[in-house]
Amino acid sequence: SKSKEYYLLTNGELRSLGSISKPNPHKPTWAPMKLYLKSQVVEISRKKYENDEALEAERQLRAISKLERNITRERIKKLPPSKRIKLASRKRRKKGKNAKKPIVVQERHVHDFPTDKSEHVFEAENSRWAVKCKTCEFKRYYEEF
């Protein structure tokens, strides 16, 4: 886990290396520790990031991204439930290696229908009345008895 965090490697990349399994010293019932040779871990990391500066830049990019996600999450928690509509998913964008879509929060829309009956339209083919929202053109249908 430390090698994954520090050298930014995935489980698949570590799986390709040989490892020594030891019982977990913190709690014997937990999964055993896997110990890797540091030289092999550093070699794979250098192949992936080319040099130490690129690895450090990637670490900083991930730290900033994590901080931004936490700030956004806290901002959303502070909003009232009616304003917590998430418009963007957390899938990766195509441009930028680790760029992610931000969570966009938009104020909930409340339809504003005209109260004046002269603005309501009767649709003869469906035998029902229709009224449009003043702001978003949404139509609400109703029947009058």
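In this text, all values refer to a predicted model and were calculated from it rather than measured experimentally.

## Examining the layout of surface pockets
A volume near 450 Å³ is recorded for the largest pocket. Taken together, 16 residues form the lining of the largest pocket, with Ser1, Ser3, Leu14, Lys34 and Tyr36 sitting closest to its centre. Breaking the lining of the largest pocket down by element, the ones donating at least two residues are α1 (2-7), α2 (11-15), β2 (33-35) and α3 (38-49). Counting residues per element, the lining of the largest pocket draws most heavily on α1, at 5 residues. In terms of residue class, the lining of the largest pocket is made up of 7 nonpolar, 4 polar and 5 charged.

## Topic: the sheet that holds strand β6 (residues 128-132)
Pairing within the open sheet is antiparallel, and its 3 strands lie in the order β5-β6-β7. Taken across any chain shown, the strands that pair with only one partner, and hence form the sheet edges, are β5 (121-123) and β7 (139-142). Adjacent strand axes in the sheet meet at a mean angle of 35° when their direction is disregarded.

## Describing the pairing of β7
Relative to β7, β6 is paired through 4 bridges, and the arrangement is antiparallel. Across the sheet, Ala130 pairs through a bridge with Tyr141, a residue of β7. Between β6 and β7, which pair antiparallel one after the other, the connecting turn spans 6 residues, and Glu137 there sits at a positive phi close to 70°.

## Here we look at the environment of Lys4
Following the sequence through the fold, Lys4 ends up in helix α1. For the pair Lys4 and Ser45, spaced 41 residues apart in sequence, the C-alpha separation works out to 9.7 Å. The residues contacting Lys4, other than those within four sequence positions of it, are Leu9, Asn11 and Leu14.

## Section: the pattern of salt bridges
Evaluated as defined, the whole model comprises 8 salt bridges. A salt bridge links Arg46 to Asp52; the nearest nitrogen and oxygen atoms lie 3.5 Å apart. Owing to a relative accessible area of 43%, Asp52 belongs among the partly exposed residues under this scheme. As a salt-bridge pair, Glu137 and Lys132 come within 3.4 Å of each other at their nearest N and O atoms. A cluster of three or more residues bridged by salt bridges with shared partners is formed by Glu123, Arg128 and Lys139.

## Topic: the confidence of the model for the protein chain
Within the protein chain, residue pLDDT values average 80, and 81% of them lie at 70 or more. Low confidence marks residues 87-94, where pLDDT is under 50. Its contacts with residues over four positions away, or in another chain, come to 17 contacts.

## Concerning the side chain of Glu123
Along the chain, Glu123 turns up in strand β5. Relative accessible area serves as the criterion here: at 12%, Glu123 is assigned to the buried category. Excluding residues within four positions of it along the chain, Glu123 makes contact with Arg128, Ala130, Lys139 and Tyr141.

## Digging into α3
With 12 residues, α3 should reach 16 Å at 1.5 Å per residue; the first-to-last C-alpha distance of 16 Å fits that figure. Restricting attention to buried positions, one finds in α3 the residues Val41, Val42, Ile44, Ser45 and Tyr49. Each buried residue of α3 sits inside an arc of 165° when the element is viewed along its axis, so together they form one side. Exposed residues pointing more than 90 degrees away from the buried face of α3 are listed as Ser39 and Lys47. Buried residues along α3 sit against α1, α2 and α4 (52-78). Of the residues trailing α3, Glu50 is marked for its positive phi of about 70°.

The rules we used
Residues numbered from 1 in each chain as written. Predicted model: local features only at pLDDT ≥ 70, side-chain atom pairs only at ≥ 80, totals over all residues. Heavy atoms only, no water. 1 Å grid on protein atoms, 1.4 Å probe; cavity = no way out; pocket = protein on both sides within 12 Å on 5 of 7 lines; lining within 4 Å. Points joined across faces, edges and corners; volume = space filled by probe spheres on them. Helix = DSSP H or I, 4+ residues; strand = E, 2+ residues; numbered from the N terminus. Nonpolar A, V, L, I, M, F, W, Y, C, P; charged D, E, K, R; others polar. Pairing = 2+ DSSP bridges. Axes fitted to C-alpha atoms, helices over the stretch in contact; angles between N-to-C directions. Contact = heavy atoms within 4.5 Å. Salt bridge = Lys/Arg side-chain N within 4 Å of Asp/Glu carboxyl O. Buried < 20%, exposed > 50% of the residue type's maximum accessible area, 1.4 Å probe, protein only. pLDDT = per-residue confidence, 0-100. Expected span 1.5 Å × (residues − 1). Arc of directions from axis to C-beta.

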